[in-house]
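The residues making up each chain are set out below.
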Amino acid sequence: SYKQVLALDPENSDANYNLGVVCKKKGHLHEAVERFKYTLKQDPGYTDAQFQLANTYIIQQCLEESRLLLEEAVSNSKIDPNRKNEILVAKAIVAWLQGDLETCSSALLNSSGILNQKNFADEKQMRFMRAYHTYLSNLLRFKRENGELYAKPANAELFILGDSHCLSPHQTVLGFDNNDYRAISCLIIGCKAWHLANDRPNQYKAGFEATLENIPA
């Protein structure tokens, strides 16, 4: 096991990284973060660890930390095209959530050049990335064409937790019970109802519960 490897070689980057992935899947997000950080301490150019850590930060709603990691990861000239595209799409997602439309648009533009290629090693993952790319591109266009939906003043915030669908209302103003609320999206990528209903710990349930705890009363 990875723990056995680390007992013999505590600084083994691959073992620390893989144990971090296992911890993340099991919903042990804080331990996963520490494993990924330690991996990057030993090997700063370990792009997979940067990507996994950035995604874990998104689950934890630590957007600025995620942004900085993604910026660093995408600058790696030796990065695999599949991974680079995943990083660019993640960068666009974070930029959207932070209200940085220019960065979001730029990341999607750079991603387009990769998506237009063929013969990907992981075509299923690329289809997933294409779906996110199209979705975010449409959200950008909608926001630019309907600025009044975002400029309206609001009395309070309404937090929306979920998978990709929660990105749509982000920063719009929604009327409810004679009040206007600013929609704040809290993205938990891949989270489905069955993840939350599952008795076993998982990253989606952990992210959902942690986000609920941090929402202002």
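Check the entry above for the structure.
All of these numbers come straight from a predicted model, not from anything done at the bench. (Residues numbered from 1 in each chain as written. Predicted model: local features only at pLDDT ≥ 70, side-chain atom pairs only at ≥ 80, totals over all residues. Heavy atoms only, no water.)

### Brief notes about the overall build of the protein chain
For the protein chain, the count of helices and strands is eleven helices and three strands. Its C-alpha radius of gyration of 18 Å places the protein chain within 12% of the 17 Å reference for a compact globule of 217 residues. By the burial criterion, 45% of the 217 residues in the protein chain qualify as buried. Partitioning the contacts of the protein chain with sequence separation of at least 6, the portion at a separation of at least 24 is 54%. For the protein chain, the exposed area adds up to about 11800 Å²; of that, 51% sits on carbon and sulfur atoms. In the protein chain, which carries 24 positive and 26 negative side-chain charges, the distance between the mean positions of the two groups comes to 5 Å. (Helix = DSSP H or I, 4+ residues; strand = E, 2+ residues; numbered from the N terminus. Rg over C-alpha atoms; globule rule 2.2 N^0.38 Å. Buried < 20%, exposed > 50% of the residue type's maximum accessible area, 1.4 Å probe, protein only. Contact = heavy atoms within 4.5 Å. Areas by Shrake-Rupley, 256 points an atom, 1.4 Å probe, with all protein chains shown as cover. Lys, Arg positive; Asp, Glu negative; His and termini not counted. Charge placed at Lys NZ, Arg CZ, Asp CG, Glu CD.)

### Describing unusual backbone geometry
Positive phi outside glycine occurs at Gln171, with the angle close to 75°. A positive phi angle is found at Asp177, which is not glycine, with a value near 50°. When you line up the elements, Asp177 lands in the loop between β2 (173-176) and β3 (179-187). For Asp177, a relative accessible area of 59% puts it in the exposed group.

### A word on the packing of aromatic side chains
Taken as a whole, this structure holds three aromatic pairs when the rule is applied. Counting every residue linked through ring pairs, the aromatic cluster contains Tyr17, Phe36 and Tyr46. Positioned over the ring face of Trp96 is Lys143, at 5.4 Å from the centre of the ring. (Phe/Tyr/Trp six-rings, centres within 6.5 Å; stacked < 30°, edge-to-face > 60°. Lys NZ or Arg CZ within 6 Å of the ring centre and 35° of its normal.)

### Re the layout of surface pockets
Taken as a whole, the largest pocket encloses approximately 680 Å³ of empty space. Lining of the largest pocket is provided by 23 residues; of these, Asn55, Gln125, Phe128, Ile189 and Tyr204 occupy positions nearest its centre. Mapped by element, the contributors of at least two residues to the lining of the largest pocket are α2 (13-25), α4 (47-59), α6 (81-98), α8 (123-145) and α11 (203-214). Its residues assigned to classes, the lining of the largest pocket shows eleven nonpolar, six polar and six charged. Taken as a whole, the second largest pocket holds about 190 Å³ of empty space. In terms of lining residues, the second largest pocket is bounded by 13 residues, among which Gln61, Phe159, Ile184, Ser185 and Cys186 are the most central. When residues of the lining of the second largest pocket are traced back to their parent elements, those giving at least two are β3 and α11. The biggest single contributor to the lining of the second largest pocket is β3, with three residues. (1 Å grid on protein atoms, 1.4 Å probe; cavity = no way out; pocket = protein on both sides within 12 Å on 5 of 7 lines; lining within 4 Å. Points joined across faces, edges and corners; volume = space filled by probe spheres on them. Nonpolar A, V, L, I, M, F, W, Y, C, P; charged D, E, K, R; others polar.)

### Thoughts on empty space enclosed by the protein
Empty space left among the atoms is revealed by rolling a probe the size of a water molecule over them. In this structure the tally under the stated criterion is one cavity of 30 Å³ or more. Surrounding the largest cavity, Arg67, Leu70, Glu71, Lys91, Val94, Ala95 and Thr103 form its lining. Breaking the lining of the largest cavity down by element, the ones donating at least two residues are α5 (63-74) and α6.

### Some thoughts on the side chain of Asn55
Looking at the element boundaries, Asn55 is found in helix α4. Apart from the residues within four sequence positions on either side, Asn55 is in contact with Lys24 and Ile189.

### Brief notes about the environment of Gln42
Tracing the chain through its elements places Gln42 in helix α3 (residues 29-42). Between the alpha carbons of Gln42 and Asn16 there is a distance of 9.8 Å; along the sequence they are 26 residues apart. Other than its neighbours up to four places away in sequence, Gln42 contacts Glu11 and Ser13.

### Here's the deal with the pairing of β3
Remember that side chains alternate between the two faces of the sheet whenever the strand is regular. Along β3, seven of the nine residues are buried, which leaves the element largely enclosed by surrounding structure. Both strand β1 (residues 156-162) and β3 contribute to a ladder of seven bridges, which runs parallel. Along β3, the bridge assignment pairs Gly162 with Leu187. Both β2 and β3 contribute to a ladder of four bridges, which runs antiparallel. Across the sheet, Leu174 pairs through a bridge with Tyr181, a residue of β3. Linking β2 back to β3 in an antiparallel pair, the connection comprises two residues, with Asp177 at a positive phi of about 50°. (Pairing = 2+ DSSP bridges.)

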